[in-house]
Amino acid sequence: MKNGQIEGTILKTTSEKEKIKLPLVVTFLDSGSTRIQVDEEKRQKGDIELRHGSKVRKERYNEAAGWSLTGAGLQPQKLSKFDKGDKSTTVTWGSSNQFSVIITYAPFGIELFANDKKQVVLNERGFFNFEHWRPKVEKPVTEEGKDEDKKVEPLVPQEDESTWWEETFGGNTDTKPRGPESFSHVYGLPEHAGPLSLKQTRGRESNYDQPYRFFNADVFEYELDNPMTLYGAIPFMQAHNKDFTVGVFWLNAAETWVDIVKTQQGTTMGLGGHTDTQTHWFSESGVMDIFVMLTQSPKELSKKYAELTGYTAMPQMFAIAYHQCRWNYVSDEDVKDVDRKFDKHNIPYDVIWLDLEYTDDKQYFVWDQDNFPDPIGMEKQLDEHERKLVIIIDPHIKNKAGYQIVEELKSKDLAVKNKDGNFFEGWCWPGSSHWIDCFNPAAREWWKSLFPYNKMKGVQSNVWIWNDMNEPSVFNGPEVSMPRDNVHYGNWEHRDVHNLNGMTFHNATHHALVSRAKGESVRPFVLTRSFFAGSQRLGAMWTGDNQASWPHLAASIPMVLNQGVAGFPFAGADVGGFFGNPSKELQTRWYQAGAFYPFFRAHAHIDTRRREPYLLGEPYTEIMAQAVRLRYSLLPSWYTAFREAATEGVPIVRAQYYVHPHDEAGFDIDDQFYIGSTGLLVKPVVTEGGESVDIYLADDETYFDYSTYKTYSGAGKRHSVTAPLDKIPLLMQGGNIFARKDRARRSSGLMKFDPYTLVVVLGRDGRADGELYIDDGETYDFEHGGYIHRNFTFGDGSLKSQDVSSSVSTKDTKKKAAYLKTMDNVLVERIIIVNAPKSLEGKSEVKVTGQSSKSGGTASMSYHVAKDGNAAWAVIRNPAVKIGADWSIDLGVNTDAKGEL
């Protein structure tokens, strides 16, 4: 034991009494996490075989860490106590020795404790099995083709070896040259179309007939409430009870399965006791590399996981606004016409998208000159209102003579190889295609060289990228993907890296956009369909090819919530459904739900009817427009939530259990959620004909309807909230302050210097607080001090704004000062105080202290009471205080405990 690590060897005895050595490394990290790694003994040089002239490793793939882990959070801790015994070793560490681990020798097992309570047990049921590599040995056969030892009966059941070295699926033969390699209330494990609280996969209580599967695949019109594989894989599970939260991160990029069994312990005649959740993880290949994180809360766990795999990339402002997409807008004139009609109907939007049909014969980087003869002119029209264009570029490259991109791909030897060492050829949208191998550094550099403005024709600076089909999708491949014995750079088989494949392509495109112009410091936008742990550092994802149905609308909410639990919160679903034609009611309700996805995009299949919101007619068009405008008015609060995700690793939209971790009644609620730390609680209507929803309120705060200020008491109560078609059930939790912008504009870029409205929702104690984060919404200047970060507090009858910006280095002070100067004239134009105390009634002025754009030191105030007397609110008009400055507004009364004097 040294440097925070214990090294040892697990001995596996085979049926032939052979001793197989499995090196073990257990690392105790500063964060309180424990990393357990098991490999098998490295091969001698002579054990590396040749296959069609290419070396094939018999070492296990252990490079996923290089893609998923950022290096932060991996620092080993100096151990507080180390006790090695005859049967076990005990290690205790942490700032107050709160973490301990017991490693037992025979049978091998690990128990992890926090604060003297056992939290996790590894190999409790003795399922650990690490299939070591062995050469294929042909059995001698007789002339009749039977085994020579056919008369010898085995004393014990023999393993079925029929699929160890070769397996056929859908006409494809996987040669498996390395032989067999597999080993053997919770949340997480995206991407699956099921509830937020994961169901068990075994036992009488389970309606699932297979484990949760991780094998990124192109699955259209996917089934709901199913553990089947989808487009992405994050093998991170979170287990939570009211006292503790545990995370398990299984770092393996091969096909992986997870079984979940829940058992009752300590019950007497069906009463009392508790539920134990047992999980069984198994992967096709690679090493065993597990991180176990013991924490006090879901938020603390999010931070620890982000320290390992990285934080959400801070997006440009336009990326979190509304996106309009379909497969396909058929011409540049079509795009310009849609753009004009959004303006005609006063519906804001920021981005319009182009799917495959913008290309010439499915050749990426080449425009269809018949239908898109003037892409620059189209982009310039969009740019007039600070709108963007996103175009699709996928990893399959059309195999066509004379197509420069594929000619370079092959001549530079940058494509994925098949098992024979030749370029792999498969079928996708372009027909015969080759796939760029982004595991190859040279391939990534070549990909980067294709995106500069002077090379990528028809593109200017308001054009961004969409990576689809990057699982990879291969129409004529096994399971619509690549053969597992394809070979990537480094001589790794595709089976080893399959779930990483999409992330490598997403990564290559991300960095290509970062560097496409010298001196440009603009954050990129790249949407991906396939992802792995760490993809959150690169951009956004969406849940793929859903259906235009009410059940798919309902399922989108737990799917998006689960992405946040697993550290990839910039997520959304195709608004309206990709396949099929939604009814007008369904599309309208989907816009109301989509306005609360972190990634808000409408999208539809090429065979569906056109469904731009202005086409549906009234009242539907105006109701959808209201939902979009609500998203735009709340963009300051959404952007602040994104900043928190980018610095703390927390979800952007948060499940009930996440916000109220001690309230067991809310642990399986996944149809309502909070927006960041704003206190905004939304429960979209997801049922046909629904005109009300039941909202569960866990805490003892008072909640207020967003538009009417009607009050609802919490403390574990359910309330029926009316929701006719034109209403989104949206409540404000007492004790919070959030910001919005109330002037309707055509795009977020045109709102940049608009004034702010602050909504102060007083709690039961008459207090409230909140934050606002602002930067230029485009560049990386925020990393060098170019931002504003304010904390608002209300108490003792006074509202205050204080700077909570982190200190910046001396060289960055100019950048910070320059940004503050650009924002000098951006003001707070209105303050709304919800739950205003009666003692404010009759007051017409409040005192303003601090930096203001006007003299006099006062602002006007009015007091309002709802007709039913259920709610009261006050409005302070034009205080004219600067959004980036320190100031205070004194109401002239004591508002604690609702201000009763």
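Data block above holds the structure.
These numbers were taken from a predicted model, which means no experiment stands behind them.

Student: So what exactly am I meant to see when it comes to the overall build of the chain here?
Tutor: Regarding its fold elements, the chain presents 14 helices and 52 strands. In the chain, buried positions account for 60% of the 901 residues. Taken as a whole, the chain presents about 35800 Å² of accessible surface, with 48% of it coming from carbon and sulfur.

Student: I tried to follow the sheet that holds strand 13 (residues 186–188) on my own but got confused; where do I start?
Tutor: The strands making up a sheet are joined through hydrogen bonds of the backbone, oriented either antiparallel or parallel. Pairing is antiparallel in the open sheet, where seven strands are placed in the order 1-2-3-19-16-15-13. Either end of the sheet is taken by a strand with one partner, and the two such strands are strand 1 (5–13) and strand 13. In this sheet, adjacent strand axes meet at a mean angle of 20° when their direction is disregarded. When strand 1 meets strand 2 (residues 19–28), the two strands line up antiparallel, connected through nine bridges. Along strand 2, the bridge assignment pairs isoleucine 6 with valine 26.

Student: Quick question: what am I supposed to make of the packing of helix 11 (residues 620–633) against helix 12 (residues 635–648) here?
Tutor: To characterise two packed helices, one gives the angle between the axes of the helices and the distance between these axes. Orientation of helix 11 relative to helix 12, taken along the N-to-C sense of each, is 55°, at an axis distance of 5 Å. With respect to helix 12, the element helix 11 is oriented oblique. Of the residues in helix 12, those in contact with Arg631, Tyr632 and Ser633 of helix 11 are Leu635, Pro636 and Trp638.

Student: Could you clarify how one ought to interpret the packing of aromatic side chains in this entry?
Tutor: Think of a pair of aromatic rings as described by two things: how far the centres are apart, and how the planes are tilted against each other in angle. A full pass over the atoms with the stated rule returns 47 aromatic pairs. Seen from their ring centres, tryptophan 93 and phenylalanine 99 are 5.7 Å apart, and the 35° between their planes marks the pair as tilted. As far as the burial class goes, tryptophan 93 and phenylalanine 99 line up, both buried. In this structure an aromatic cluster arises from ring pairing among Phe318, Trp353, Trp464, Trp466, Phe525, Trp542, Phe570, Phe599 and Phe642. Over the face of the ring belonging to tryptophan 464 we find arginine 516, whose NZ or CZ atom lies 4.3 Å from the ring centre. The ring of tryptophan 542 has arginine 601 sitting right over it, with the charged end atom 5.0 Å from the ring centre.

Student: Is there a simple way to explain unusual backbone geometry in this structure?
Tutor: Alanine 106 connects to proline 107 through a cis peptide bond whose omega is -5°. Within the secondary structure, proline 107 is located in the loop between strand 8 (99–104) and strand 9 (109–114). A positive phi angle, near 55°, is found at glutamate 479, a position not held by glycine. Assignment of secondary structure puts glutamate 479 in the loop between strand 28 (463–467) and strand 29 (487–488). We classify glutamate 479 as partly exposed; its relative accessible area is 28%.

Student: Is there a simple way to explain the sheet that holds strand 28 in this structure?
Tutor: Strand order in this open sheet of eight strands is 33-32-31-28-24-21-20-34, and the pairing throughout is parallel. For this open sheet the edge positions go to strand 33 (571–572) and strand 34 (600–602), each flanked by a neighbour on one side alone. Along the sheet, helix 8 (residues 501–514) makes contact with strand 28, strand 31 (526–528) and strand 32 (540–542), crossing strand 28 at roughly 175°.

Student: Even after reading the chapter, I still don't get the pairing of strand 43 (residues 736–740), so can you show me in this structure?
Tutor: For a regular strand, side chains alternate in direction, first toward one face of the sheet and then toward the other. The buried fraction of strand 43 is high, at five of five residues. Burial along strand 43 is two-sided: the face carrying Asn736, Phe738 and Arg740 and the face carrying Ile737 and Ala739 are both buried. Of the pairings in the sheet, the one linking strand 43 to strand 44 (residues 756–761) comprises five bridges and is antiparallel in character. Note that in strand 44 the partner of isoleucine 737 across the bridge is valine 760.

Student: Please explain the nonpolar core as it appears in this structure.
Tutor: Across soluble globular proteins, nonpolar side chains have a tendency to be buried as a group. With 201 residues, the main nonpolar core has Leu354, Ile391, Trp447, Phe451, Phe525, Phe596 and Met732 as its most contacted residues. Sorting elements by how many residues they give to this core places helix 12 first, with seven residues. In contact with isoleucine 391, other than residues within four places in its own chain, are Leu354, Tyr358, Trp367, Met456, Val459, Val463, Trp464, Ile465 and Trp466. Tyr819, Val828, Val846 and Leu891 belong to the second largest nonpolar core, which has 35 residues in total.

Student: Hey, could you run me through helix 3 (residues 332–344) in this one?
Tutor: The periodicity of an α-helix, 3.6 residues per turn, causes residues three or four places apart in sequence to face the same way. With 13 residues, helix 3 ought to run about 18 Å at 1.5 Å a step, and its terminal C-alpha atoms sit 19 Å apart, in line with that. Listed in full, the buried residues belonging to helix 3 are Asp332, Asp334, Val335, Lys336, Val338, Asp339, Phe342 and Asp343. Within two residues after helix 3, asparagine 346 carries a phi angle of roughly 55°, on the positive side.

Student: Mind showing me how you'd approach the pattern of salt bridges here?
Tutor: Think of it this way: side chains of opposite charge can pair up when their charged atoms draw near. Within this structure, the stated rule accounts for 48 salt bridges. The residue lysine 303 makes a salt bridge to glutamate 648 at a minimum N-O spacing of 3.7 Å. A residue pair is termed long-range when its members are at least 10 positions apart, and lysine 303 in helix 2 (residues 298–309) and glutamate 648 in helix 12 qualify at 345 residues. Residue glutamate 648 is classed as partly exposed on the basis of its relative accessible area of 31%.

Student: How should I be thinking about the environment of asparagine 252 in this particular structure?
Tutor: Note on placement: asparagine 252 falls in the loop between strand 16 (245–250) and strand 17 (256–265). The spatial distance from the C-alpha of asparagine 252 to the C-alpha of alanine 533 is 9.7 Å, given a sequence separation of 281 residues.

Student: I would appreciate a short explanation of the pairing of strand 52 (residues 887–890) in the present structure.
Tutor: Relative to strand 52, strand 47 (residues 798–803) runs antiparallel, the two sharing four bridges. The residue bridging serine 801 from the neighbouring strand is tryptophan 887, located in strand 52. Where strand 49 (residues 845–850) and strand 52 come together, four bridges link them in antiparallel fashion. Bridge pairing in strand 52 links lysine 847 to aspartate 890.

Student: Honestly, the environment of tryptophan 353 in this entry has me stumped. Any pointers?
Tutor: Position of tryptophan 353 among the secondary structure elements: in strand 21 (residues 351–354). A sequence separation of 30 residues divides tryptophan 353 from histidine 323, and the C-alpha atoms of the two residues are 7.6 Å apart. Leaving out residues up to four positions away in the same chain, tryptophan 353 has contacts with His323, Gln324, Cys325, Arg326, Tyr329, Val390, Trp466, Phe525, Leu527, Phe599 and Arg601. In terms of polar contacts, tryptophan 353 uses its side chain to reach the side chain of histidine 323, at 3.1 Å.

Student: Looking at this model, I keep getting lost on a nonpolar patch on the surface. Mind explaining?
Tutor: Residues Trp427, Trp429 and Phe475 make up a contiguous nonpolar surface patch of about 310 Å² in total accessible area. Within the secondary structure layout, tryptophan 429 lies in the loop between strand 26 (426–428) and strand 27 (431–435).

Student: What's the story with the side chain of histidine 605 in this structure? I'm lost.
Tutor: Looking at the element boundaries, histidine 605 is found in the loop between strand 34 and helix 11. Ignoring anything within four residues of it in the chain, the contact list for histidine 605 reads Arg326, Trp327, Phe578 and Phe579.

Student: Sorry, what's going on with helix 2 here?
Tutor: Here helix 2 contains twelve residues, and its C-alpha end-to-end distance of 16 Å stays within 8% of the 16 Å for a straight helix at 1.5 Å per residue. Once helix 2 ends, the next one or two residues include glycine 310, with phi positive near 105°.

Student: What am I meant to see in the side chain of arginine 740 here?
Tutor: Examined against the element boundaries, arginine 740 turns out to sit in strand 43. Note on arginine 740: relative accessible area 11%, which makes it buried. Within the structure, arginine 740 has its side chain in polar contact with the side chain of tyrosine 706 (distance 3.0 Å). At 2.9 Å, the side chain of arginine 740 forms a polar contact with the side chain of aspartate 742. In contact with arginine 740, other than residues within four places in its own chain, are Ser633, Leu634, Pro636, Tyr706, Tyr756, Thr757, Val759, Arg830 and Ile832.

Student: What exactly am I supposed to notice about the packing of helix 9 (residues 550–565) against helix 10 (residues 584–594) here?
Tutor: Where helix 9 contacts helix 10, the two axes come as close as 10 Å, and the packing angle between them is 5°. For the element pair helix 9 / helix 10, the angle class is roughly parallel. Every residue of helix 10 that contacts helix 9 at Trp550, His552, Leu553 and Ser556 is listed here: Glu585, Leu586, Arg589, Trp590 and Ala593. Residue classes in the contact of helix 9 with helix 10 are distributed as five nonpolar, two polar and two charged.

Student: Would you take a moment to explain the environment of glutamate 520 for this structure?
Tutor: With respect to the secondary-structure elements, glutamate 520 resides in the loop between helix 8 and strand 31. Glutamate 520 has contacts with Tyr453, Ser461 and Val514, leaving out every residue within four places of it along the chain. A polar atom in the side chain of glutamate 520 sits 3.2 Å from the side chain of tyrosine 453.

Rules and cut-offs
- Residues numbered from 1 in each chain as written.
- Predicted model: local features only at pLDDT ≥ 70, side-chain atom pairs only at ≥ 80, totals over all residues.
- Heavy atoms only, no water.
- Helix = DSSP H or I, 4+ residues; strand = E, 2+ residues; numbered from the N terminus.
- Buried < 20%, exposed > 50% of the residue type's maximum accessible area, 1.4 Å probe, protein only.
- Areas by Shrake-Rupley, 256 points an atom, 1.4 Å probe, with all protein chains shown as cover.
- Pairing = 2+ DSSP bridges.
- Axes fitted to C-alpha atoms, helices over the stretch in contact; angles between N-to-C directions.
- Parallel < 35°, antiparallel > 145°, perpendicular 65-115°, else oblique.
- Contact = heavy atoms within 4.5 Å.
- Phe/Tyr/Trp six-rings, centres within 6.5 Å; stacked < 30°, edge-to-face > 60°.
- Lys NZ or Arg CZ within 6 Å of the ring centre and 35° of its normal.
- Core = buried A, V, L, I, M, F, W, Y, C linked by side-chain atoms within 4.5 Å.
- Expected span 1.5 Å × (residues − 1).
- Salt bridge = Lys/Arg side-chain N within 4 Å of Asp/Glu carboxyl O.
- Polar contact = N/O pair within 3.5 Å; in protein donor to acceptor, adjacent residues only side chain to side chain.
- Patch = residues over 30% accessible without salt bridge, like charges linked within 9 Å, V, L, I, M, F, W, Y side chains within 5 Å.
- Nonpolar A, V, L, I, M, F, W, Y, C, P; charged D, E, K, R; others polar.

No statement about biological role is implied by the geometric values presented.
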